[in-house]
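Report on the structure
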Amino acid sequence: MKKGYKQLVDEANAEIKTYSVAEAQVKLADANVQFIDVRDIRELEREGIVPGAYHAPRGMIEFWVDPDSPYFKPVFGEKKEFILFCAAGWRSALTTKTVQDMGLENVAHIDGGFTAWKAAGAPVTIKESKK
């Protein structure tokens, strides 16, 4: 293997902005900030969600961010700061680097992800299952 996941995550973290949970939590009420949850839907239903976060699964992010894609989501065309997170901060680091490379400006991610968010007692709500 040429590069393992640890090296990829380390390389991404060297090129992106990272917020601590405390820094991100301050931005939660800011209308110019949009939290983006890149976790799988099953994780949201099992663990909960950050209030107001937009769910954009990592597997679709390139298609949802690109305005030329038939899957583009208008939220990514807004002039906001985007703060991405996953469960542990690994997927969100890689995703933040990807969307930054694509040209999405003003992006960051949360160190430690949703696990750290929840452990710090930051706001969490329940995601209702669509079953």
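Keep in mind that what you see is a predicted model, and the values were worked out from it rather than measured.

Now for the overall build of the chain. Within the chain, the secondary structure is distributed over 6 helices and 5 strands. When the helices and strands of the chain are placed in sequence order, the string is α-β-α-β-α-β-α-β-α-β-α. Over its C-alpha atoms, taken along the principal directions, the chain stretches across nearly 35 × 35 × 30 Å. Among the 131 residues that make up the chain, the fraction classed as buried is 36%. A sequence separation of at least 24 residues applies to 64% of the contacts in the chain between residues at least 6 apart.

Here the focus is the packing of aromatic side chains. The geometry of an aromatic ring pair is captured by the separation of the ring centres together with the interplanar angle, meaning the angle of the planes. All told, the structure shown has 7 aromatic pairs when counted by the stated rule. Here the aromatic rings of F76 and F82 are separated by 5.6 Å at their centres, their planes lie at 35 degrees, and the arrangement is tilted. Note on F82: relative accessible area 1%, which makes it buried. Members of the aromatic cluster, each reached through a chain of ring pairs, are Y54, W64, F76 and F82. Lying over the aromatic face of F114, R39 brings its terminal NZ or CZ to 4.1 Å of the ring centre. Stacked on the ring of W64, the Lys or Arg K73 has its end atom at 4.7 Å from the ring centre.

A word on the environment of E11. Secondary-structure assignment places E11 in helix α1 (residues 5-13). A C-alpha to C-alpha distance of 22 Å links E11 and V65, two positions 54 residues apart in sequence.

Along its 13 residues, helix α5 (residues 90-102) runs 19 Å from first to last C-alpha, staying within 8% of the 18 Å computed at 1.5 Å per residue. Within α5, burial applies to S92, A93, T95, T96, K97 and V99. Residues of α5 that are buried make contact with α1, α4 (61-65), β4 (81-85) and β5 (107-110). Just beyond α5, the residue with positive phi is G103, at close to 110 degrees.

A few words now on the pattern of salt bridges. Going through the model one piece at a time under the given rule, you end up with 10 salt bridges. In this structure, the salt-bridge partner of R39 is D37, at a minimum N-O distance of 2.7 Å. Each member of the pair, R39 as well as D37, is classed as buried. A salt bridge links R91 to E43; the shortest N-O distance between them is 2.8 Å. Of the two residues, R91 is situated in helix α5 and E43 in helix α3 (residues 41-47); the sequence distance between them amounts to 48 residues. Salt bridges sharing common partners tie together E15, K97 and D101.

Each value, and the rule that gives it
- Residues numbered from 1 in each chain as written.
- Predicted model: local features only at pLDDT ≥ 70, side-chain atom pairs only at ≥ 80, totals over all residues.
- Heavy atoms only, no water.
- Helix = DSSP H or I, 4+ residues; strand = E, 2+ residues; numbered from the N terminus.
- Buried < 20%, exposed > 50% of the residue type's maximum accessible area, 1.4 Å probe, protein only.
- Contact = heavy atoms within 4.5 Å.
- Phe/Tyr/Trp six-rings, centres within 6.5 Å; stacked < 30°, edge-to-face > 60°.
- Lys NZ or Arg CZ within 6 Å of the ring centre and 35° of its normal.
- Expected span 1.5 Å × (residues − 1).
- Salt bridge = Lys/Arg side-chain N within 4 Å of Asp/Glu carboxyl O.

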